[in-house]
Amino acid sequence: MTPTPRTEQPPAPSDIAVAGRAANTPAANTPAANDHDADADFGARVELALSATNHLFNARNSPRYVAQVLQGVNAVATKLDRTRQPFTGVTPSEMKARIAAVDLGRPLPDTAAALAELEDVYLKDAVYFHDAKYAAHLNCPVVIPALVGEAVLSAVNSSMDTWDQSAGATMIERRLIDWTAGRLNLGADADGVFTSGGSQSNLQALLIARNHAVAALRREPGNEQLRLPQLLERLRIFTSVDSHFSIQKSASMLGLGYDAVVPVACTPDHTLDPSALAEAMAENHDAGLLAMAVVATAGTTDFGAVDPLVDMAALASAYGAWFHVDAAYGGGLMVSNRYSHLLNGTRLADSVTVDFHKTFFQPVSSSALLVRNKAMLGHVTYYADYLNPESAARAEIPNQVDKSIQTTRRFDALKLWLTLRIMGAEALGALFDEAIDLAARVGTVLAADPDFELAAAPRLSTLVFRYRPVVGDGGDGSRLDEDSSDALNPAIRAAVFASGQAVVAGTKVDGRHYLKFTLLNAEATLGDIREIIELLRSTGAGLLAAQANIPETTRTTKNEAAA
């Protein structure tokens, strides 16, 4: 039975301090009065400090903690009950003015007042990913067991850098890393660490790959004394043109430069073309360059494509390159009940990125980097006497900072732990399978609709398409011309977003603007997505009609101004 939280609060230390103050006040403008003013000022500061302690999370304040957190939970639950669409359409300027009007120098009287204000500055106009009409980015509705974990980990506030700040949290994270590595078939020597997201996981993977390549370069005659920057110029990273932009950003941050990334062409189904990769690697080798890494994507952001992992692993091995698999999106396939075979090639990877806050339905943030050889994590190890001395490593004290590019780090693993303990992996897989199946059904609908063009058949749970209806009165069946379509589709997306009725994404394919659905809600139905499609159609038709009613001279002037 859940105990009812007490509403009465313990006596505040400030009340005791005030009660003990002297009742008599000395006359003004006397030494005694000055002393009294100093005492009063000191007393006020003490009173403020004592009052502030009532907000600290501890045993004395546990009733206050329960009551205030429940107020927050109830505020969110109430908002969910009353929300009927994913967004309100509020503009950045409106929100900026509303936030600017808040006086941060004047605290509100209590939690209820602060939550009422929060309704106006956040909750009312938040973008709600749980809504069936949210179909934009890789944001998932989250599972309740993970929210329980979020509440626990934020209160206890373990820091994952060292054993003496985390204890059991360290072992839970390590167990989950072992579990994930097992699902990916990385072998008995695998290891890893939780990270803040896929971009950080990819950065750490490429940092390890860089240091691994540099270690090999230093063994070449004449390179022993060269500084790191002098060794980086020859290094290259090979990845598909559809890979995540964090690969380019990582190359830049690692001192290689954006141009160290060699973009490799894709096949018509948007997976990397192995023959194009072989050709690019051969050309670079002949030019005296060194293949540092080959990066495959298991679930590209736009098309959900899974690159040919086995073929890419073979080419990486042939050139002595690190083989990294970015499975930030597709990592959920490891618990799929029907599509897990798509990840078979991960067993050959040197490292793998997995985002649990995408297809494991976890709150942000929850990601991990896995490596096949645990010794490779030593490329990011640095011992500090005040935190993780080398003697601790020799004593086998498990300090997670030895594996991470972060120091202070949240216990995000707890969310996945409670999800697995309460729901189980198969239930998570069923949620992702539903999203993949829905995308396939939506793909069939779009492919048969004469007003829309589907860029490619869906592979996971994304669909890239555009509104390009048949126009003209001649009956020749010609579609809207490319340039007009290119201007129209971003306008459709913006108008629908401003309405708040649905949220869809946009992207470019071969330089042309397209719309995109990202479907991760297992409760969304084909009917829900059909309603979004009809909203896109009616919005597009309305924009075309409005444009047709603009006099030709006005349209020309506007086009010239845009140019």
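What you see is a predicted model, and the numbers here were worked out from it, not measured in a lab.

About the thresholds
- Residues numbered from 1 in each chain as written.
- Predicted model: local features only at pLDDT ≥ 70, side-chain atom pairs only at ≥ 80, totals over all residues.
- Heavy atoms only, no water.
- Helix = DSSP H or I, 4+ residues; strand = E, 2+ residues; numbered from the N terminus.
- Buried < 20%, exposed > 50% of the residue type's maximum accessible area, 1.4 Å probe, protein only.
- Contact = heavy atoms within 4.5 Å.
- Areas by Shrake-Rupley, 256 points an atom, 1.4 Å probe, with all protein chains shown as cover.
- Lys, Arg positive; Asp, Glu negative; His and termini not counted.
- Charge placed at Lys NZ, Arg CZ, Asp CG, Glu CD.
- Core = buried A, V, L, I, M, F, W, Y, C linked by side-chain atoms within 4.5 Å.
- Polar contact = N/O pair within 3.5 Å; in protein donor to acceptor, adjacent residues only side chain to side chain.
- Pairing = 2+ DSSP bridges.
- Axes fitted to C-alpha atoms, helices over the stretch in contact; angles between N-to-C directions.
- Left-handed = near helix turned anticlockwise from the far one by under 90°.
- Nonpolar A, V, L, I, M, F, W, Y, C, P; charged D, E, K, R; others polar.
- Phe/Tyr/Trp six-rings, centres within 6.5 Å; stacked < 30°, edge-to-face > 60°.
- pLDDT = per-residue confidence, 0-100.
- Salt bridge = Lys/Arg side-chain N within 4 Å of Asp/Glu carboxyl O.

Attention shifts here to the overall build of the protein. Secondary structure summary: the protein contains 19 helices and twelve strands in total. C-alpha atoms of the protein, sized along the principal axes, occupy 95 × 75 × 55 Å. Residues classed as buried in the protein amount to 44% of the 563 residues present. Taking the contacts inside the protein whose residues are at least 6 apart along the sequence as the reference set, 70% of them involve residues at least 24 apart. A total of about 28000 Å² of accessible surface is found on the protein, and carbon and sulfur atoms cover 55% of it. Of the side chains in the protein, 47 bear a positive and 64 a negative charge, and the two mean positions are spaced by 2 Å.

This next bit is on the nonpolar core. In terms of nonpolar packing, the biggest core is built from 63 residues, with F238, L277, V294, F323 and V325 touching the most fellow members. Of all hydrophobic cores here, the second largest spans 28 residues; its members include I237, A260, V295 and V371.

Take the environment of R466 next. By the secondary structure assignment, R466 is in strand β10 (residues 462-467). On a C-alpha basis, the gap between R466 and K516 in space is 8.1 Å, while along the polypeptide they are 50 residues apart. Those residues in contact with R466 that sit more than four places away from it in its chain are D451, F452, E453, E482, S485, N489, R512, H513, Y514 and L515. A distance of 2.8 Å separates polar atoms of two side chains, one belonging to R466 and the other to E482.

For S166, the location among the structural elements is in the loop between α6 (144-156) and α7 (168-183). Accessibility expressed as a relative area gives 9% for S166, which makes it buried. Here T170 takes part through its side chain, which lies 2.5 Å from a polar atom of the side chain of S166. Beyond its immediate stretch of four places on either side in the chain, S166 contacts S158, S159 and M160.

A separate point is the sheet that holds β10. One open sheet accounts for five strands, arranged β1-β11-β12-β10-β9; its pairing is mixed. The open sheet has two free edges, formed respectively by β1 (134-135) and β9 (452-454), since each of these has just one partner strand. When β1 meets strand β11 (residues 503-509), the two strands line up parallel, connected through two bridges. Each residue of the ladder has a partner; that of Y134, found in β11, is V503. Across the sheet, helix α17 (residues 482-499) is in contact with β10, β11 and β12 (512-518); its angle to β12 comes to roughly 35°.

Strand order in this open sheet of seven strands is β2-β8-β7-β6-β5-β3-β4, and the pairing throughout is mixed. Each having just a single partner strand, β2 (191-195) and β4 (261-264) make up the two edges of the open sheet. Looking at each pair of strands side by side, their axes are set apart by 20° on average, direction ignored. Across four bridges, the pairing between strand β3 (residues 235-240) and β4 is parallel. Its bridge partner lying in β4, F238 is registered against V262. Those strands touched by helix α11 (residues 274-286) are β3, β4 and β5 (290-297), and its axis lies near 170° from that of β3.

A separate point is the side chain of N284. Here N284 is to be found in helix α11. Setting aside anything within four residues of it in sequence, one finds N284 in contact with R236, F238, V262 and L289.

Attention now goes to the packing of α17 against helix α18 (residues 526-548). Relative orientation of the contacting elements α17 and α18 amounts to 120°, with a least axis distance of 9 Å. Every pair of crossing elements has a handedness; the one defined by α17 and α18 is right-handed. For the pair α17 and α18, contact is made by L488, A491, I492, A495 and V496 and by L535, L536, T539, G540, L543 and L544, respectively. Grouping the constituent residues of the contact of α17 with α18 by class yields nine nonpolar, two polar and no charged.

The subject of this paragraph is the packing of aromatic side chains. In this structure the tally under the stated criterion is nine aromatic pairs. Relative to F465, the ring of F452 has its centre 5.9 Å away and its plane inclined at 65°; by these criteria the two rings are edge-to-face. Note that F452 is positioned in strand β9 and F465 in strand β10, a separation of 13 residues in sequence. Summarising the burial analysis for this pair, F452 and F465 share the class buried. By the ring-pair criterion, three or more aromatic residues cluster together here, those being F452, F465, Y467 and F517.

Quick look at the confidence of the model for the protein now. In the predicted model, the protein carries a mean pLDDT of 92, and the fraction of residues at 70 or more is 90%. Segment residues 1-25: pLDDT under 50, and 18 contacts once partners within four positions in sequence are set aside and those in other chains are kept.

Time to look at the pairing of β12. A large share of β12 lies buried, amounting to five of its seven residues. Where β10 lies against β12, four bridges are found, and the strand directions are antiparallel. Across the sheet, residue V464 finds its bridge partner in β12, namely K516. Relative to β12, β11 runs antiparallel, the two sharing five bridges. Directly across from G506, in β12, lies its bridge partner L515. From the end of β11 to the start of β12, which pair antiparallel, there are two residues, and D510 there has a positive phi angle of about 50°.

A few words now on the pattern of salt bridges. A complete count under the given rule lists 29 salt bridges for this structure. With a closest N to O distance of 2.1 Å, R338 and D437 form a salt bridge. Taken as a pair, R338 in the loop between β6 (322-327) and β7 (351-355) and D437 in helix α16 (residues 425-448) lie far apart in primary sequence, 99 residues in all. On the accessibility criterion, R338 (42% relative accessible area) is partly exposed. K358 is the salt-bridge partner of D355, the closest N and O atoms lying 2.4 Å from each other. In this pair, the class of D355 matches that of K358, namely buried. Residues joined by salt bridges that share partners form a network here, namely E453, R466, R468, R479, E482, D483, D486 and R512.

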